[in-house]
Each structure stands twice: as C-alpha cells, then as structure tokens.
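Below are the chains, spelled out letter by letter.
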Amino acid sequence: MLPPTIAFIERDWLSANHVMFRDNESATLIDSGYGKFNDVTLEKVDEVLGEWGDASLDRIINTHIHSDHIGGNAELQRVHRGCSITVPAEEQMALVNWDAPDQMLSYADQEAERFAWDDVIEPGQSVRLGGETWHAIATPGHDMGSLVFYSPKLRILISADALWEN
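The structure presented is a predicted model; accordingly, all values stated were derived computationally and were not measured. (Residues numbered from 1 in each chain as written. Predicted model: local features only at pLDDT ≥ 70, side-chain atom pairs only at ≥ 80, totals over all residues. Heavy atoms only, no water.)

A. Structural context of the overall build of the protein chain. Of the regular secondary structure elements, the protein chain holds four helices and 10 strands. When its helices and strands are written in sequence order, the protein chain yields β-β-β-α-β-α-α-β-α-β-β-β-β-β. Relative to the 2.2 N^0.38 estimate, which gives 15 Å for 166 residues, the radius of gyration of the protein chain is 15 Å and therefore close to what a compact globule would have. Here the C-alpha coordinates of the protein chain stretch approximately 40 × 35 × 30 Å along the principal axes. Counting every position in the protein chain, which comprises 166 residues, the buried fraction comes to 48%. With 11 positive and 28 negative side-chain charges, the protein chain shows a spacing of 5 Å between the two charge centroids. (Helix = DSSP H or I, 4+ residues; strand = E, 2+ residues; numbered from the N terminus. Rg over C-alpha atoms; globule rule 2.2 N^0.38 Å. Buried < 20%, exposed > 50% of the residue type's maximum accessible area, 1.4 Å probe, protein only. Lys, Arg positive; Asp, Glu negative; His and termini not counted. Charge placed at Lys NZ, Arg CZ, Asp CG, Glu CD.)

B. Main features of helix H1 (residues 38–51). Taking 1.5 Å per residue as the helical rise, H1 with its 14 residues ought to reach 20 Å, and the 20 Å between its terminal C-alpha atoms agrees with that figure. The secondary structure elements touched by the buried residues of H1 are strand S1 (6–9), strand S2 (18–23), strand S3 (26–30), strand S4 (56–61) and helix H3 (73–79). A positive backbone phi angle near 70° is found at Gly 53, which sits one or two residues after H1. (Expected span 1.5 Å × (residues − 1). Contact = heavy atoms within 4.5 Å.)

C. Spotlight on the packing of aromatic side chains. Per the stated rule, a full pass over the model turns up four aromatic pairs. Residues Tyr 34 and Phe 37 carry aromatic rings whose centres are separated by 6.1 Å and whose planes lie at 55° to one another, so their mutual orientation is tilted. Members of the aromatic cluster, each reached through a chain of ring pairs, are Trp 98, Phe 115 and Trp 117. (Phe/Tyr/Trp six-rings, centres within 6.5 Å; stacked < 30°, edge-to-face > 60°.)

D. The arrangement of a negative patch on the surface in detail. Taken together, the side chains of Asp 39, Glu 43, Asp 46, Glu 47 and Glu 51 make up a negatively charged region of the molecular surface. Looking at the element boundaries, Glu 47 is found in helix H1. (Patch = residues over 30% accessible without salt bridge, like charges linked within 9 Å, V, L, I, M, F, W, Y side chains within 5 Å. Areas by Shrake-Rupley, 256 points an atom, 1.4 Å probe, with all protein chains shown as cover. Salt bridge = Lys/Arg side-chain N within 4 Å of Asp/Glu carboxyl O.)

E. How the structure looks around the environment of Leu 29. Residue placement: Leu 29 occurs in strand S3. Exposure remark for Leu 29: the relative accessible area of 0% places this residue in the buried category. A sequence separation of 10 residues divides Leu 29 from Val 19, and the C-alpha atoms of the two residues are 5.9 Å apart. Residues in contact with Leu 29, not counting those within four places in the same chain, are His 18, Val 19, Met 20, Val 45, Leu 57, Arg 59, Ile 60, Ile 61 and Leu 76.

Have a look at this one:
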C-alpha cells in the first residue's frame, strides 16, 4: 500500500508508467509517457490532481530520455503552465542534439516533441518527493544515462525500465 502522497498510474505499451507525488498543493510526475497517447496521460494525471484537491502539476522528472518517458513533457507543460522539467544530467547532450542515437527515436521509428528542461539531476543526488527523501541512482544499460529513485524509509524503488516484469 502506497502512502496517500504517492499515486501509481499503470499504462499500456508504449507509454511508461507514471508515479505522482503530492507535496501540499503541488505535485510532481515521474515520466510522462509516449506523445501519441497524450490525451490519456492528461486524463490520468488530471484525475490524480483532482483526487488531491486540485493540486497543481509543478514538476516533471524524467528517469531517462526514451520517447515513452518524455513524450508527454511538452504537452503537459503547455497545459500545466509553469511546470518545470528535470532530466538526468548525463542525458542533456542527447536532448540538445535531438534524435541522437541515445534517444533511439529514428532507430525505433518513434517520435517525441522537443521540450525545454529547467533542471538536471545527478546520480547520488537526493530529492524530496511526497514528503520523503528519494535517492537518484545511476542505472546504465537500457539507457546509459538512466536513473532510478529509491526511498530507504519507504523501501520503494521507482525502477523506470531498469527492472521489468520477468
């Protein structure tokens, strides 16, 4: 059972699952799904925000930069004005070079809308989400700049694509 300050949103292929955190009237979203399904992303995110008393979406944090994790960033930022985006520090150059091999867009015949990010997060850095401390841990492999987030107190890992069913 998750604390009331955390919501898990399960998605179908090709969108990454989402995790949302509430801090007072503010919310943070981990990963934004594939852009082709932005309507579903907006519906699911807004549903959670409504359940949280119309909290505002103020931040998106991406675990890595594959299209199914960043595809909703631009649309969410348009709809939720003032929403900042944080990306893994090691992914910045691939975003600057857009559609670089690291993003696997052309290679995988996928697309994502360009977006501007406001901040970066480094492996080893901690971030407060939902009233708890989460540690950013580097998990190179599936994506060389990928991060997972772990809360030692809650013993919860947000694994992005580093761990997957089976």
